[in-house]
Amino acid sequence: MPKPKVALYWCASCGGCEEAVVDLAERILDVVSLVDIVFWPVALDFKLTDVEAMPDQSIDVCFINGGIRSTENERVARLLRQKSKVVIAYGACSSWGGIPGLANLSNRQEILDWVYQAAPTNQNDEGVRPSVADANGVRLELPTLLARLEPLSAVIEVDYYIPGCPPTPDVTWKAIETILSGKLPERGSVIGADSKALCHSCPLNESKPEKVLIKEFRRVTEFTPDRSTCLLVQGLPCLGPVTRGGCGAPCVTGGMPCTGCFGALDRVDDFGAKAVTYLASILDIDDEKEIDKALSKVVDVVGLSYKYSLPASPLGGKLGITEEKP
Ligand code: SF4
Ligand code: SF4
């Protein structure tokens, strides 16, 4: 029987999701023996023309990581959708936009101004910007930035989601086992992760009271948390109660609050709104001045609540920013 054909592609992300596949360590050899990798540009010398030449629906499973930020991301995602039976959004950026999605707080002009000019590490006296150029008679056409970063599902139909920033090796492996078993859940589901919140599998859960109430938020830079007590109880804004479990709680175990990279639980449309609502509900203060004081410790509300999900939220980004042509 022929082995399932698998493709992997990298859109707008840091590359951590590609690392996460390699992090399967010895299990990558099992994967390679069970499937036939037909496209994985970061690791093997395939060309886009190889994919273009494939018959439609000839790839059995395609893993796409990263959000859709450029015209190239969009073009390749559409091509891979056409050639694949099953498309999986692999990781937080592909699923909801991820950390690069926080760029939706600025328009394209502001992004280019900062990246090519204003950032203090730049030296660009001639004000060079990405452009179409002729080099030795060859016309180069660089991909352009889209108006906003979008999650993969904004441009193509996505069959399944594997969460994480990046997905852990165990989650990736569980998802691969599910795919190979052929016992796939309903389309649109998350695979490889839990259906319950992270707190359920957190090693500190026993020290978390039924109802958490705190008087102040604290920052990890202010003190060394007690590693045997729930971080939320200690005032750190841990998002474990509203985040899908399955990661093994590596951040919490290391003394860092969960920032929500496994995303929302089923039936939650807006992770950021859920996170803010939850944190507000545990603040046990009535006095307005004290509330302001407590909130002043949360220096980046959007970065905290929408760290991985701004493009997929109903807001999509900062409202009211004017769009200009890059
Ligand atoms: S709030 Fe955070 S530290 Fe506390 S039990 Fe949940 S995941 Fe663990
Ligand atoms: S603890 Fe939270 S932020 Fe850390 S890997 Fe798990 S879901 Fe992601």
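First, a word on scope: everything that follows refers to the structure included in this document. As the structure is a computational prediction, the values presented were derived from the model and not from experiment. (Residues numbered from 1 in each chain as written. Chains lettered and ligands numbered in written order. Predicted model: local features only at pLDDT ≥ 70, side-chain atom pairs only at ≥ 80, totals over all residues. Heavy atoms only, no water.)

**A short note on the site of ligand 2**
Part 1 of the reasoning: Around ligand 2 lies a shell formed by Leu-198, Thr-243, Cys-247, Pro-250, Cys-251, Cys-258, Thr-259, Gly-260, Cys-261 and Phe-262.
Part 2 of the reasoning: A breakdown of the residues in the shell around ligand 2 according to their chemical character gives 7 nonpolar, 3 polar and no charged. (Near = heavy atom within 4 Å. Nonpolar A, V, L, I, M, F, W, Y, C, P; charged D, E, K, R; others polar.)

**Considerations on the pattern of salt bridges**
Part 1 of the reasoning: For the structure shown, the criterion picks out 15 salt bridges.
Part 2 of the reasoning: With a closest N to O distance of 3.2 Å, Lys-83 and Asp-56 form a salt bridge. Of this pair, Lys-83 sits in helix H4 (residues 71-83) while Asp-56 sits in the loop between helix H3 (48-52) and strand E3 (59-65); the two residues are 27 residues apart in sequence, bridging distant segments of the chain.
Part 3 of the reasoning: Look at Lys-83 and you get buried, because its relative accessible area is 4%.
Part 4 of the reasoning: Relative accessible area serves as the criterion here: at 45%, Asp-56 is assigned to the partly exposed category.
Part 5 of the reasoning: Between Glu-216 and Lys-297 there is a salt bridge, and its shortest N-O distance comes to 4.0 Å. Linking Glu-216 in the loop between helix H7 (169-181) and helix H8 (250-253) with Lys-297 in the loop between helix H10 (288-295) and helix H11 (301-305), this pair joins segments that are 81 residues apart in sequence.
Part 6 of the reasoning: Residue Glu-216 is classed as partly exposed on the basis of its relative accessible area, which comes to 39%.
Part 7 of the reasoning: Members of the salt-bridge network, linked through shared partners, are Arg-81, Glu-157, Asp-159 and Arg-187. (Salt bridge = Lys/Arg side-chain N within 4 Å of Asp/Glu carboxyl O. Helix = DSSP H or I, 4+ residues; strand = E, 2+ residues; numbered from the N terminus. Buried < 20%, exposed > 50% of the residue type's maximum accessible area, 1.4 Å probe, protein only.)

**Quick look at the site of ligand 1**
Part 1 of the reasoning: Every residue close to ligand 1 is listed here: Leu-198, Cys-199, Cys-202, Asn-205, Lys-208, Cys-230, Leu-231, Leu-232, Cys-238, Gly-240, Pro-241 and Val-252.
Part 2 of the reasoning: Here the shell around ligand 1 is built from residues that sort into 9 nonpolar, 2 polar and 1 charged.

**Thoughts on the nonpolar core**
Part 1 of the reasoning: Within the largest apolar cluster, 58 residues are counted, with the highest numbers of intra-cluster contacts made by Phe-63, Ile-88, Ile-162 and Val-252.
Part 2 of the reasoning: Here this core takes 5 residues from H7, the largest share from any one element.
Part 3 of the reasoning: The residues touching Ile-162, leaving out its near neighbours within four places in the chain, are Phe-63, Ile-88, Ala-89, Tyr-90, Gly-91, Ser-95, Pro-167, Val-171, Ala-175 and Ile-191.
Part 4 of the reasoning: Residues Ile-59, Ile-64, Leu-80 and Tyr-161 belong to the second largest nonpolar core, which totals 23 residues. (Core = buried A, V, L, I, M, F, W, Y, C linked by side-chain atoms within 4.5 Å. Contact = heavy atoms within 4.5 Å.)

**Concerning the sheet that holds E3**
Part 1 of the reasoning: Taken in spatial order, the 5 strands line up as E2-E1-E3-E5-E9 in an open sheet, and their pairing is parallel. Both outer strands of the open sheet, strand E2 (36-39) and strand E9 (160-162), are each paired with one neighbouring strand and no more. Strand-to-strand twist in this sheet, taken as the mean axis angle between neighbours without regard to direction, amounts to 30°.
Part 2 of the reasoning: Bridge count between strand E1 (residues 5-10) and E2: 3 bridges; the pairing is parallel. Residue pairing in the sheet places Val-6 in a bridge with Ile-37 of E2. (Pairing = 2+ DSSP bridges. Axes fitted to C-alpha atoms, helices over the stretch in contact; angles between N-to-C directions.)

**Notes on the side chain of Ser-13**
Part 1 of the reasoning: Of note, Ser-13 is situated in the loop between E1 and helix H1 (16-22).
Part 2 of the reasoning: Of the residues examined, Ser-13 reaches a relative accessible area of 19% and is grouped as buried.
Part 3 of the reasoning: Contacts of Ser-13, omitting those with residues within four sequence positions, involve Asn-65, Gly-66, Cys-93 and Pro-100.

Such coordinate-based values are descriptive only and should not be taken to indicate function.
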